[in-house]
Amino acid sequence: PPPPPRRACCGDAASPADGSSMLSAMLDGSTDGEQALLLRKMAKRDTVTKLKALGELREALSAHGASWAAELMPHWVPHFVRLSGDGSWQVRESACAALGQLASLLGRQLAPHLRPLMAAWLCAKHDPHGGTAAAAAAAFGVAFPNPRKYADALLFCRDELARGLAERALSAPP
């Protein structure tokens, strides 16, 4: 059977659906084998495979720590943007939980990746499924523990947010 239709998501136009980010990462040697395998699994169409890969990612983050997470982050961003708009609420929720774990490990190292993440992250924070919205809000709470940091992040990403939210408003409903 054909895969379920994808939900429209903020920032979708910038996310490679073909896994080109993962392929280029493998070719330039910037990811280790485990990271490349996880990214490849997350690029699959099958919901069960994506959920397993996201679970494995969370286990790997716990096992490897912040330096491994920092190496993964540039390649994770396009996958998160795509996964946060997946047709399955379980995939969206699990992707937001993984982002929260990454935010917890990386702290300020998350800053260079905020611009491409922010629109999809805010869309996830207002997801119609309560668990997904809660996971995205929890990740936000980890990344921005006080209102001042949250406001600073929104100002930092304002151009990307405007562009991403405009795309969302002009796209067909899911």
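Everything quoted here is computed from the prediction, not taken from an experiment.

**Q** I would appreciate a short explanation of the overall build of the protein in the present structure.
**A** Per the secondary structure count, the protein includes 9 helices and 0 strands. In the protein, the succession of α and β elements from N to C terminus is α-α-α-α-α-α-α-α-α. Intrachain contacts of the protein at a sequence separation of at least 6 include 70% that bridge at least 24 residues.

**Q** Mind showing me how you'd approach helix α2 (residues 33-42) here?
**A** Since the α-helix turns once every 3.6 residues, residues separated by three or four places project in the same direction. Looking at α2, one finds that the buried residues are Q35, A36, L38, L39 and M42. Buried residues in α2, looked at end-on, bunch into an arc of 165°, giving them a common side. Of the residues that open α2, the one with a side-chain oxygen 3.1 Å from the backbone nitrogen of E34 is D32.

**Q** I would appreciate a short explanation of the pattern of salt bridges in the present structure.
**A** Pairing between side chains of opposite charge can happen when the charged atoms of each approach one another. Counting across every chain of the model gives 5 salt bridges. A salt bridge links D86 to K50, with the nearest nitrogen and oxygen atoms 2.4 Å apart. With D86 in the loop between α4 (66-83) and α5 (89-106) and K50 in helix α3 (residues 47-64), this residue pair connects regions lying 36 residues apart in the sequence. D86 sits in the buried class, given a relative accessible area of 7%. A relative accessible area of 5% means that K50 is categorised as buried. The salt bridge partner of R92 is D127, with a shortest N-O separation of 2.8 Å. Of this pair, R92 sits in helix α5 while D127 sits in the loop between α6 (114-125) and α7 (130-143), and the two are 35 residues apart along the sequence. Relative accessible area serves as the criterion here: at 6%, D127 is assigned to the buried category.

**Q** Explain the layout of surface pockets here, please?
**A** The gaps of empty space that remain are located by a probe, the size of a water molecule, rolled over the atoms. Considered as a void within the structure, the largest pocket measures approximately 340 Å³ in volume. Forming the boundary of the largest pocket are 15 residues, of which G107, R108, A143, F144 and K149 lie nearest the centre. Of all elements in the fold, only α5, α7 and α8 (147-156) reach the threshold of two or more residues within the lining of the largest pocket. For the lining of the largest pocket, the element with the highest residue contribution is α8, accounting for 4 residues. The residue inventory of the lining of the largest pocket, partitioned by class, reads 10 nonpolar, 2 polar and 3 charged.

**Q** Can you walk me through the confidence of the model for the protein in this structure?
**A** Keep in mind that low pLDDT regions are not for reading the predicted coordinates in detail. Per-residue confidence for the protein averages 84 on the pLDDT scale, and 80% of its residues sit at or above 70. For the stretch residues 2-28, pLDDT sits under 50, and the model shows 57 contacts to residues farther than four places along the chain or on other chains.

**Q** I tried to follow the packing of α6 against α8 on my own but got confused; where do I start?
**A** Helix-helix packing: each pair is described by the crossing angle between the helix axes and the interaxial distance. In the contact formed by α6 and α8, the axes pass within 10 Å of each other and the chain directions differ by 115°. Considering how the two elements wind past one another, α6 and α8 form a crossing that is left-handed. Across from L114, R115, M118, L122 and K125 in α6, the residues of α8 making contact are Y150, A153, L154 and F156. Looking at the contact of α6 with α8 residue by residue, the classes come out as 7 nonpolar, no polar and 2 charged.

**Q** Looking at this structure, how should I read the environment of L54?
**A** Relative to the elements of secondary structure, L54 occurs in helix α3. What makes L54 buried here is its relative accessible area of 0%. In this structure the C-alpha to C-alpha distance between L54 and A95, which are 41 residues apart in sequence, comes to 6.6 Å. Contacts of L54, omitting those with residues within four sequence positions, involve M42, W76, L83, V91, S94, A95 and A98.

**Q** Explain the packing of α5 against α7 here, please?
**A** Between α5 and α7, whose axes approach to 8 Å, the crossing angle comes to 10°. One finds that α5 runs roughly parallel with respect to α7. In this structure, α5 uses W89, R92, E93, C96, A97, L99, G100, A103 and S104 to contact α7, whose residues at the interface are G131, T132, A135, A136, A139, V142 and A143. A per-class count over the contact of α5 with α7 returns 10 nonpolar, 4 polar and 2 charged.

Thresholds, definitions, all that
- Here the residue index of a chain counts from 1 through its sequence in written order.
- Local features in a predicted model are, by the rule used here, given only for residues with pLDDT of at least 70; side-chain atom pairs are given and counted only at 80 or more, and totals for whole chains, interfaces and linings are based on all residues.
- As a convention, hydrogens and water are excluded, and side-chain values are obtained from all of the structure's heavy atoms.
- Numbered from the N terminus, helices here are DSSP runs of H or I no shorter than four residues, and strands are runs of E no shorter than two.
- Two residues form a contact once any of their heavy atoms are found within 4.5 Å.
- Only protein chains enter the accessibility calculation, which uses a 1.4 Å probe; a residue is then buried when its area is under 20% of its type maximum, exposed when over 50%, and partly exposed in between.
- Think of the arc as the fan of directions from the helix axis to the C-beta atoms.
- Polar contact is the term for a pair of N or O atoms within 3.5 Å; when the atoms are in protein, one must be able to donate a hydrogen and the other to accept it, and sequence-neighboring residues count only if both atoms are side-chain atoms.
- Put simply, a salt bridge is a Lys or Arg side-chain nitrogen that is within 4 Å of an Asp or Glu carboxyl oxygen.
- Buried and open spaces are told apart on a 1 Å grid over the protein atoms alone, a cavity being a set of points where a 1.4 Å probe fits but cannot get out and a pocket being an open set with protein on both sides within 12 Å along at least five of seven lines. Residues with an atom within 4 Å of a point are the lining residues.
- Grid points are joined across faces, edges and corners, and a volume is the space filled by probe spheres set on the points.
- Under the grouping applied here, Gly and all other residues not named as nonpolar or charged are polar, the nonpolar ones being Ala, Val, Leu, Ile, Met, Phe, Trp, Tyr, Cys and Pro and the charged ones Asp, Glu, Lys and Arg.
- On a range of 0 to 100, pLDDT expresses the predictor's confidence in each residue.
- Lines fitted to C-alpha atoms define the axes here, with helix axes fitted over just the stretch in contact, and angles between the N-to-C directions of these axes take values from 0 to 180 degrees.
- Crossings are assigned a handedness: left-handed for a near helix turned anticlockwise from the far helix by less than a right angle, right-handed for a clockwise turn.
- Throughout this description, any angle smaller than 35 degrees is read as roughly parallel, any larger than 145 degrees as roughly antiparallel, any in the 65 to 115 degree range as roughly perpendicular, and the remainder as oblique.

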